[in-house]
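Chain and residue survey
Residues per chain, in single letters:
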Amino acid sequence: MLYWTASKRQDWDATAVGPEVGAEPWRVEQAVCRLADLGLLVPAPGAPSGYAVSRPEQALTRLLALEEQILEESRNRLAGSRDMIRVLMRNFPVRSQADKGAHVELLLSGGEVNSFIEERMDGIERRQLAMHPGGAPPQNLADEMILRDAEVISRGVEVRALYPHHIANTDYVRDYLAEAVHHGAGIRLAPYLPIRMILMDEHLAVLPIDPKDSSRGAFAIQSSEMVRCLTEIFEFHWHSASPFQERCENESADRLSLTSQEQAIVRMLAMGAKDEAIARQLSISPRTLSRTISAMLDRIGVQSRFQVAVQLAKAGLLDTRDD
C-alpha cells in the first residue's frame, strides 16, 4: 500500500500516509526501510518525500548488478589466494613422502595442529624437542600434555621442553612441569624464547604460520635439513636456560622480592628486547608492561631500567647458567 501510494504522489511522508494505509507511523517507517532495501524506493533529496519510486524491473537490475559485483570481488580474492599459494609452494615445495626433499603440510587451525601432533606421537622413536613461548596453556590441555609426555617417555623417547620463566608462576602449569620432570622429561625455563616449535626425531618440525598468533595454524615440515637448523636454535636457548627443579628449589630471598613475571621482564630488558616483544612473550598489553616496569622501579628505588639491571646483576639475579 505504501509503494502504491508513493507511486501516485510525491508529497507523502510517514505521518501523513499512515492513516491512508491503515498503519502506525513507525510501521510505515519500517515499510520505507524495507522498500529502500529492495531498491523500490531510492533516496531523492529534491523530492518532497525524500524518495523516488523505482519500477520493479529497475530495482531487480540494480540488485543483480550488485550480486555481479560481489561475485567479481570473490573471483578476485580467489585469484589472489591462488597467487599466494603458488608463492608459498615455490618457497616450500610440496613433494611426496618418498621424496628426499621437504614436504610441507598446512594446518589451518589449532584443532588441526593438535590432531596432527596426536597422530604423530606414536611414531616418535628418539626425541621430542619443544619450545613454548607466550602464556600458559589451558588447564585441560596441560592435563592432556602430561599424559602424552608420560606415554612417549615410557617408550624411551628423550623429551625436552623450554618454557618462559613467568609461566611457572601459574599453579597448574607448575604442577604440570613438576610432573613432567618426575616422569623423566627435561624442563628448562628461559627469559626469552623466539618462536613456538615442536621437533620430532630428526625429520619433522611443527612451526606456527603466524608467530604472533598460534591460533592461525601451523606448518608441518618434513625436512631433515630444516630440523637440523631448528635444533641448533633450540640447543642455544637450552644451554642458557635454568633447569626447572633447580630454579624452584634454590631461589634466594632476594629473588623472591621479584615476581616471576618481573624477573622475566628484567632478563629480557637486559638482553635488549623491545617492549613490544616482551609484552608478546608475557601475553600482556604494552600498557600493562609499562605499569609493571614503573612499579618495579619505584619499589627498588631506582630511576631507570638500566639501574634496575645493574642492581639485580650485583645481586646475581641476572646470571644465566651454561650447563
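A quick note: this is a predicted structure, and the numbers were derived from the prediction, not measured.

Residues with a pLDDT of 70 or more make up 85% of the chain, whose mean pLDDT is 79. Segment residues 95–99: pLDDT under 50, and five contacts once partners within four positions in sequence are set aside and those in other chains are kept. Low confidence marks residues 246–256, where pLDDT is under 50. Its contacts with residues over four positions away, or in another chain, come to 13 contacts.

Our focus in this paragraph is the packing of helix α10 (residues 260–270) against helix α12 (residues 286–300). Two numbers describe how α10 lies on α12: the axes approach to 11 Å, and their chain directions differ by 95°. Judged by the angle between their axes, α10 and α12 are roughly perpendicular. On α12, the residues touching Gln261, Glu262, Ile265, Val266 and Leu269 of α10 are Leu289, Thr292, Ile293, Met296 and Arg299. Partitioning the contact of α10 with α12 into residue classes produces six nonpolar, two polar and two charged.

Here we come to the pairing of strand β7 (residues 197–200). Side chains Met197 and Leu199 project from β7 onto one buried face, and the interleaved Ile198 and Met200 project onto a second face that is buried too. As paired elements, strand β4 (residues 127–131) and β7 share four bridges and run antiparallel to each other. Residue pairing across strands places Gln128 opposite Met200, the latter belonging to β7. By the bridge criterion, three bridges tie β7 to strand β8 (residues 204–208) in an arrangement that is antiparallel.

Before going further, it helps to spend a moment on the side chain of Gln128. Turning to its location among the elements, Gln128 is positioned in strand β4. The residues contacting Gln128, other than those within four sequence positions of it, are Met121, Asp149, Val152, Val157, Glu158, Val159, Arg160, Ile198 and Leu199.

Time to look at the pattern of salt bridges. If you walk through the whole model with that rule in mind, you get ten salt bridges. Across the salt bridge formed by Glu151 and Arg155, the nearest N and O atoms sit 2.7 Å from each other. Residue classification places Arg155 among the partly exposed positions, given a relative accessible area of 33%. When the shortest N-O distance is used, the salt bridge between Arg216 and Asp210 registers 3.3 Å.

The next subject is the side chain of Ser223. The topology assignment puts Ser223 in the loop between β9 (218–222) and α8 (224–239). With near-sequence residues (within four places) excluded, Ser223 lies in contact with Ala102, Glu202 and His203.

Turning to the sheet that holds β7, a few remarks are in order. The strand order across the open sheet built from eight strands is β3-β9-β8-β7-β4-β5-β6-β10, with neighbouring strands paired in mixed fashion. Unpaired on one side and paired on the other, β3 (103–107) and β10 (242–243) mark the two borders of the sheet. Where β3 meets β9, five bridges bridge the pair, whose relative direction is antiparallel. Note on β9: the bridge partner recorded for Glu105 is Ala220.

Quick look at α12 now. Owing to its 3.6 residues per turn, the α-helix brings residues three or four apart onto one side. In this model, α12 (15 residues) spans 21 Å end to end at C-alpha, consistent with the 21 Å of a helix rising 1.5 Å per residue. All of the buried residues in α12 are Leu289, Thr292, Ile293, Met296 and Leu297. What you see down the axis of α12 is that its buried residues fit within an arc of 135°, all on one side. Exposed side chains of α12 directed beyond 90 degrees from the buried face belong to Arg287, Arg291 and Asp298.

About the cut-offs
Residues numbered from 1 in each chain as written. Predicted model: local features only at pLDDT ≥ 70, side-chain atom pairs only at ≥ 80, totals over all residues. Heavy atoms only, no water. pLDDT = per-residue confidence, 0-100. Contact = heavy atoms within 4.5 Å. Axes fitted to C-alpha atoms, helices over the stretch in contact; angles between N-to-C directions. Helix = DSSP H or I, 4+ residues; strand = E, 2+ residues; numbered from the N terminus. Parallel < 35°, antiparallel > 145°, perpendicular 65-115°, else oblique. Nonpolar A, V, L, I, M, F, W, Y, C, P; charged D, E, K, R; others polar. Buried < 20%, exposed > 50% of the residue type's maximum accessible area, 1.4 Å probe, protein only. Pairing = 2+ DSSP bridges. Salt bridge = Lys/Arg side-chain N within 4 Å of Asp/Glu carboxyl O. Expected span 1.5 Å × (residues − 1). Arc of directions from axis to C-beta.

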